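Spelled out from the first residue to the last, the chains are:
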Amino acid sequence: MLLYLQRVVQKLRKPPPVYQTQNEGSDHNPRFRSTVSVDGVSYTSSSTYQLRKVAELDVSRIAYTAITQKEKTEALQFIQQV
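What you see is a predicted model, and the numbers here were worked out from it, not measured in a lab.

(A) Spotlight on the layout of surface pockets. When its volume is computed, the largest pocket comes out at roughly 170 Å³. In this structure, the largest pocket is lined by Leu12, Lys14, Val38, Asp39, Val41, Tyr43, Ile67, Lys70 and Glu71. Residue assignment for the lining of the largest pocket shows that the elements contributing at least two residues are strand S3 (41-44) and helix H2 (52-81). Of the residues forming the lining of the largest pocket, the biggest block, three residues, is contributed by H2. The residue inventory of the lining of the largest pocket, partitioned by class, reads five nonpolar, no polar and four charged.

This is the structure we're talking about:
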């Protein structure tokens, strides 16, 4: 999913996504939550995960879904105006 997000961002000619991941747990029981910023919009994973990579995959899925849905909606609105 990380690659899908990066590809859609490149296709839209936006700056690359920037990830920030925080440990909300303890050192012996880490719980990671990620946020990704794409073109000034931030998306945050709703859950925490034991692995940093899983948190980043989750937030990339959230961002990808939101961005592609927005693009589809804008395309349909454009078509309806024509």
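(B) Main features of H2. Here H2 spans 44 Å end to end across 30 residues, near enough to the 44 Å set by a 1.5 Å rise per residue. Contacts from the buried residues of H2 go to helix H1 (2-11), strand S1 (18-23), strand S2 (32-38) and S3.

Calculation criteria
Residues numbered from 1 in each chain as written. Predicted model: local features only at pLDDT ≥ 70, side-chain atom pairs only at ≥ 80, totals over all residues. Heavy atoms only, no water. 1 Å grid on protein atoms, 1.4 Å probe; cavity = no way out; pocket = protein on both sides within 12 Å on 5 of 7 lines; lining within 4 Å. Points joined across faces, edges and corners; volume = space filled by probe spheres on them. Helix = DSSP H or I, 4+ residues; strand = E, 2+ residues; numbered from the N terminus. Nonpolar A, V, L, I, M, F, W, Y, C, P; charged D, E, K, R; others polar. Expected span 1.5 Å × (residues − 1). Contact = heavy atoms within 4.5 Å.

That's the geometry; what it means functionally is another story.
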